[in-house]
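The chain contents come next:
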Amino acid sequence: MENIFEYEDNGGELTIIRLKQGVKATSIIIPEKIDGKPVSYIGNFAFSGSNIKKVTISENIKRVGKEAFSGCNQLFSAIWKAKCEIPEECFSYCSKLSRFSFANAEAIGKKAFAKSGLRSITLPKNIKKVETCAFGGCENLEKVVWRAQANIIPSSCFSRCSKLSIFDCENLESIGAHAFKGCNLIVVHLPQNTKRVEIGAFQNCERLENIIWSEKTYKIPENCFENCIKLSAFDFSNIKVIKSNAFRKTGLKKIKLPPNVEKVESYAFQCCLKLEEVIWNTQFGTIPQNCFHACHALVKFDFSNIEIIEKDAFAFSGLKEIILPQNIKSISPFAFYSCEELRSVVWNANYNIIPPTCFGNCINLESFDFSNIEIIESCAFVGAALKKIKLSQSVKTINIDAFADCTELQLVGWEAQCNSIPAECFFNCQKLSAFNFLNIKEIGRRAFYNSGIKAICLESETAVETECFACCHSLEKAQWLPDSAIKSAVFEDCSNLKEVIISDKVKNIAVDAFKGCPNMELTFV
């Protein structure tokens, strides 16, 4: 038979490096000998990108080079008789290769069949090792039977196999990162000897409905079930650690965390849009950052076992009622931000600081009891629906924007120890028509900007910053008894301001202090 291959002689053993120039054969058999010398090797890239349709790799082959048949997009039949590894990217991008027998191979290299046309795979016991992304992106792959000696599924092994719905295995110790990412799996049953699952193993398996978890796998890794939108339940009976994003964007409806759970990390259940109930009986008393962020259906949560609530923990959730017990030691900023259904808060916590933006944009929160509060941080209630505020004597500090954009706020009782109204404190509180400034010593910049104040009376020791009452279109009367200067734009654009009584001890009035007040009349006393 005429030789159609180019080859190299390596000490009496031949390596096939390519087809001879001009050869148009589409069905090839790697021979045992050429010119009387044994053929033992196939070189790197030997047939890569060629038009061959069929190939037989004889049992005499000791090693095949990487990408030997990569990109052979007409190849539909490959018979592998060699007792050696299928190397890196050997059949990658062979889009018409729908079947392959692994009966003689010993190992499967990195990306060996990536983006190939395989439809079904059975890995027998002779397979001792499978490497990273071996079958990644096989978009026609529907079924895998794993009986290999290799009991580790490597990272991205079946990633993006979008039709893979059946995976049958009996012996697995470990599942690598993103191993089944984007697959079509509906049910997953991990063998009981499975000890380790890596990050994102089942991420984006959008049809996954049921997972039976190994009793020996105590940790759910990062992003493990992220975006498994049909996964409605999970048994946490043997779980000790839930890593970040583990169940983010899943279809969980109820979560019951038993005492064996020792740690839950940030974003663990974020955006679980169907989550309605959480039972937190874990020893771990911290709700981590963004844990239930955007869980819109979560209307109630029992905080009895909670000590710490971290940043954004319940932001954008569906909570309607919050009861914070005495054991709460710390609450971080944005904890309940934009809980638009929140109507009731009972603050029994020994922690007496309302953190920044804690109840910001809670558009149905109409009341709050400040009896035990000492510090109200910046933007704590910005955009909330508060109608009435009574700041008790326990309140020592109020920071900027604390009640800004509370457009329903009508009444403020200021009995707080602090006698300073911070910058933008009541910014845009358009229904706040009156305020008692008695004992107030300082009013910050834009503190009442665009509020509904109708009249003000300031004591002789009150210091007022710029733009404090600017754009108060309902303001008709102002009595200014302090002898301090009236600073820039303090009353700018108070279009209905008519009567202004000013102490004759005022040393300076800024040029634009009353800019945009066309009907104002000044009286000095």
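Quick summary incoming for the structure in this document. Owing to the predicted nature of the structure, the values given are computational and were not obtained by experimental measurement.

### Quick word on the overall build of the chain
Point 1. Helix and strand counts for the chain come out as zero helices and 40 strands.
Point 2. Against the globule reference of 24 Å for 525 residues, the chain gives a C-alpha radius of gyration of 36 Å, more extended than a compact globule.
Point 3. When contacts within the chain are restricted to residue pairs at least 6 apart in sequence, long-range pairs at least 24 apart make up 18% of them.
Point 4. Of the accessible surface of the chain, which amounts to about 23000 Å², a share of 44% is contributed by carbon and sulfur atoms.
Point 5. Computed over 61 positive and 59 negative side-chain charges, the inter-centroid distance for the chain is 9 Å.

### Some remarks on the pattern of salt bridges
Point 1. Tallied over the entire structure, the rule returns 20 salt bridges.
Point 2. For lysine 129, the salt bridge identified is with glutamate 131, shortest N-O distance 3.7 Å.
Point 3. Judged by relative accessible area, which is 46%, lysine 129 ranks as partly exposed.
Point 4. Residue classification places glutamate 131 among the partly exposed positions, given a relative accessible area of 26%.
Point 5. Between lysine 441 and glutamate 461 there is a salt bridge, with the nearest N and O atoms lying 3.0 Å from each other. With a gap of 20 residues between them, lysine 441 in the loop between strand 34 (420-421) and strand 35 (442-443) and glutamate 461 in the loop between strand 36 (455-458) and strand 37 (463-464) connect regions that are remote in the sequence.

### Structural notes on the sheet that holds strand 6 (residues 54-57)
Point 1. What the three strands build is an open sheet, ordered 3-6-8; its pairing is parallel. A single partner strand is all that each edge strand has here, and the edge strands are strand 3 (27-29) and strand 8 (77-80). Averaged over neighbouring strand pairs, the angle between their axes works out to 5 degrees when direction is ignored.
Point 2. In the sheet, strand 3 pairs with strand 6 via three bridges, with the strands oriented parallel. Considered in strand 6, the bridge of isoleucine 28 is made with valine 55.

### Comments concerning the pairing of strand 2 (residues 13-19)
Point 1. Relative to strand 2, strand 1 (residues 5-10) runs antiparallel, the two being bridged by six bridges. If you follow phenylalanine 5 over to strand 2, its bridge partner there is leucine 19.
Point 2. What sits between the antiparallel neighbours strand 1 and strand 2 is a turn of two residues, in which glycine 11 has the positive phi angle 65 degrees.
Point 3. As defined by bridge partners, strand 2 adjoins strand 5 (residues 37-42) across three bridges and the pair is classed as parallel. Bridging across to strand 5, isoleucine 16 finds its partner in isoleucine 42.

### Details of the sheet that holds strand 20 (residues 241-242)
Point 1. Read from one edge to the other, the open sheet built from three strands follows the order 19-20-22, with strand pairing classed as parallel. Each of the sheet's edge strands pairs with one partner strand only, and the pair in question is strand 19 (219-220) and strand 22 (263-264).
Point 2. When strand 20 meets strand 22, the two strands line up parallel, connected through two bridges. Bridging from a neighbouring strand, isoleucine 242 pairs with valine 264 of strand 22.

### What about the packing of aromatic side chains?
Point 1. Applying the stated criterion to the full structure yields 65 aromatic pairs.
Point 2. In this structure, lysine 240 is placed above the aromatic ring of tyrosine 218, and the distance from its NZ or CZ to the ring centre is 4.9 Å.
Point 3. Over the aromatic face of tyrosine 449 sits the side chain of arginine 446, whose NZ or CZ is 4.3 Å from the ring centroid.

### Details of the state of the cysteines
Point 1. Tallying each qualifying case throughout the model produces zero disulfides.
Point 2. The structure places no disulfide on cysteine 228, whose sulfur is separated from the nearest cysteine sulfur, that of cysteine 205, by 5.1 Å.
Point 3. Free of any disulfide, cysteine 471 has its nearest cysteine sulfur in cysteine 494, 7.2 Å distant.

### What about the pairing of strand 6?
Point 1. As judged from the four bridges shared by strand 6 and strand 8, these two strands associate in the parallel manner. When the bridges of strand 8 are listed, valine 55 appears paired with alanine 78.

### Some points on the side chain of threonine 282
Point 1. Structurally, threonine 282 is set in the loop between strand 23 (277-280) and strand 24 (286-287).
Point 2. Among the polar contacts listed, one links the side chain of threonine 282 to the backbone nitrogen of phenylalanine 284, at a separation of 2.9 Å.
Point 3. For threonine 282, the contacting residues outside a window of four places in its chain are Leu257, Pro258, Pro259, Val261 and Glu262.

### A word on the environment of isoleucine 287
Point 1. Its place among the elements puts isoleucine 287 in strand 24.
Point 2. C-alpha of isoleucine 287 to C-alpha of lysine 263: the two residues are 24 residues apart in sequence and 9.7 Å apart in space.
Point 3. Aside from chain neighbours lying at most four places away, what touches isoleucine 287 is Trp280, Phe292, Phe301, Ile306, Ile308, Ile309, Glu310, Ala313 and Phe314.

### Some points on a positive patch on the surface
Point 1. Taken together, the side chains of Lys110, Lys111, Lys115 and Arg160 present a region of like positive charge at the surface.
Point 2. Of the residues examined, lysine 110 reaches a relative accessible area of 37% and is grouped as partly exposed.

### Considerations on unusual backbone geometry
Point 1. Phi at asparagine 245 is positive, roughly 65 degrees, even though this residue is not glycine.
Point 2. The phi dihedral of aspartate 405 is positive, around 65 degrees, even though this residue is not glycine.
Point 3. Relative to the elements of secondary structure, aspartate 405 occurs in the loop between strand 32 (397-398) and strand 33 (411-414).
Point 4. Aspartate 405 gets classed as partly exposed once you look at its relative accessible area, which sits at 30%.

Conventions adopted
Residues numbered from 1 in each chain as written. Predicted model: local features only at pLDDT ≥ 70, side-chain atom pairs only at ≥ 80, totals over all residues. Heavy atoms only, no water. Helix = DSSP H or I, 4+ residues; strand = E, 2+ residues; numbered from the N terminus. Rg over C-alpha atoms; globule rule 2.2 N^0.38 Å. Contact = heavy atoms within 4.5 Å. Areas by Shrake-Rupley, 256 points an atom, 1.4 Å probe, with all protein chains shown as cover. Lys, Arg positive; Asp, Glu negative; His and termini not counted. Charge placed at Lys NZ, Arg CZ, Asp CG, Glu CD. Salt bridge = Lys/Arg side-chain N within 4 Å of Asp/Glu carboxyl O. Buried < 20%, exposed > 50% of the residue type's maximum accessible area, 1.4 Å probe, protein only. Pairing = 2+ DSSP bridges. Axes fitted to C-alpha atoms, helices over the stretch in contact; angles between N-to-C directions. Phe/Tyr/Trp six-rings, centres within 6.5 Å; stacked < 30°, edge-to-face > 60°. Lys NZ or Arg CZ within 6 Å of the ring centre and 35° of its normal. Disulfide = S-S within 2.5 Å. Polar contact = N/O pair within 3.5 Å; in protein donor to acceptor, adjacent residues only side chain to side chain. Patch = residues over 30% accessible without salt bridge, like charges linked within 9 Å, V, L, I, M, F, W, Y side chains within 5 Å.

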